[in-house]
Amino acid sequence: MNEALILLRSAIAGAALGAVFFGGLWWTVRRGASSAYPALWFLASLVLRTGIVLAGFYVVAGPHWQRLLLCLLGFTLARLAVTRATRATGMARRASPKEAGHAP
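These numbers come from a predicted model, not from an experiment.

A. Fine view of the overall build of the protein chain. Across its full length, the protein chain carries three helices and zero strands. N-terminal to C-terminal, the α/β element order of the protein chain is α-α-α. The 104 residues of the protein chain split such that 24% are buried. Long-range pairs, those at least 24 residues apart, make up 67% of the contacts in the protein chain with a sequence separation of at least 6. Here the protein chain displays about 7,600 Å² of accessible surface, and carbon together with sulfur accounts for 72% of that area.

Below is the structure:
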């Protein structure tokens with residue numbers, strides 16, 4: 001397979017792993033905050049998300065540092081995308097017409 005295509009697939013896989021990790025974190029915060037056992041939610045989520053991401057990095061990169069680097073780049077870009085997407089929905093839900101968007 002073409003090396004450029006393999007590197008592109010590594011970056012896309014990293015973005016997917018990042019979406020799973022940070023999307024799962026966002027979901028955990030929403031569910032854990034209203035749970036009777038929030039520490040259990042956060043601990044179980046951390047272990048599961050970290051295990052998935054580490055296994056994914058291992059499978060995608062193998063012994064190739066270039067693939068790992070692009071996978072990490074995709075992971076970081078997914079973090080930015082998920083942060084932006086969740087901030088937009090969170091701000092729209094919390095803001096009311098009477099409130100200012102900042103602290104006095």
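Picking up where we left off.
B. Representation of the side chain of R67 in the model. On the secondary structure map, R67 appears in helix α3 (residues 65-94). Although R67 is buried, it forms no salt bridge, and the closest oppositely charged side chain is E3 at an N-O distance of 4.5 Å.

C. Region of the structure containing the nonpolar core. With eight residues, the main nonpolar core is built from L17, F21, F22, V53, F57, C71, F75 and V82. Contributions of two or more residues to this core are made by α1 (3-33), α2 (38-61) and α3. Ignoring any residue separated from it by four or fewer positions in sequence, one finds F22 in contact with F75, R79 and V82.

D. Molecular detail of the packing of aromatic side chains. Overall, the coordinates contain five aromatic pairs when judged by the stated rule. Seen in terms of ring centroids, F21 and F75 are 5.7 Å apart; in terms of plane orientation they differ by 55°. Their pairing is tilted. With a gap of 54 residues between them, F21 in helix α1 and F75 in helix α3 connect regions that are remote in the sequence. Pair check on accessibility: F21 and F75 agree, each one buried. Their ring planes at 65° and their centres at 5.5 Å tell us that W27 and W41 sit as a pair that is edge-to-face. Taken as a pair, W27 in helix α1 and W41 in helix α2 lie far apart in primary sequence, 14 residues in all. Classification of W27 by relative accessible area gives partly exposed; the value is 44%.

E. A look at the packing of α1 against α2. Where α1 contacts α2, the two axes come as close as 10 Å, and the packing angle between them is 175°. Considered as vectors, α1 and α2 are oriented roughly antiparallel to each other. The residues of α2 that touch α1, namely those facing S10, A13, L17, V20, F21, G24, L25, W27, T28, V29, R31 and G32, are P38, W41, F42, S45, R49, T50, I52, V53, G56, F57 and V60. Looking at side-chain class alone, the contact of α1 with α2 contains 14 nonpolar, seven polar and two charged residues.

F. Representation of the environment of I12 in the model. Locating I12 in the fold gives a position in helix α1. For the pair I12 and F75, spaced 63 residues apart in the sequence, the C-alpha separation amounts to 8.6 Å.

Rules behind the numbers
Residues numbered from 1 in each chain as written. Predicted model: local features only at pLDDT ≥ 70, side-chain atom pairs only at ≥ 80, totals over all residues. Heavy atoms only, no water. Helix = DSSP H or I, 4+ residues; strand = E, 2+ residues; numbered from the N terminus. Buried < 20%, exposed > 50% of the residue type's maximum accessible area, 1.4 Å probe, protein only. Contact = heavy atoms within 4.5 Å. Areas by Shrake-Rupley, 256 points an atom, 1.4 Å probe, with all protein chains shown as cover. Lys, Arg positive; Asp, Glu negative; His and termini not counted. Salt bridge = Lys/Arg side-chain N within 4 Å of Asp/Glu carboxyl O. Core = buried A, V, L, I, M, F, W, Y, C linked by side-chain atoms within 4.5 Å. Phe/Tyr/Trp six-rings, centres within 6.5 Å; stacked < 30°, edge-to-face > 60°. Axes fitted to C-alpha atoms, helices over the stretch in contact; angles between N-to-C directions. Parallel < 35°, antiparallel > 145°, perpendicular 65-115°, else oblique. Nonpolar A, V, L, I, M, F, W, Y, C, P; charged D, E, K, R; others polar.

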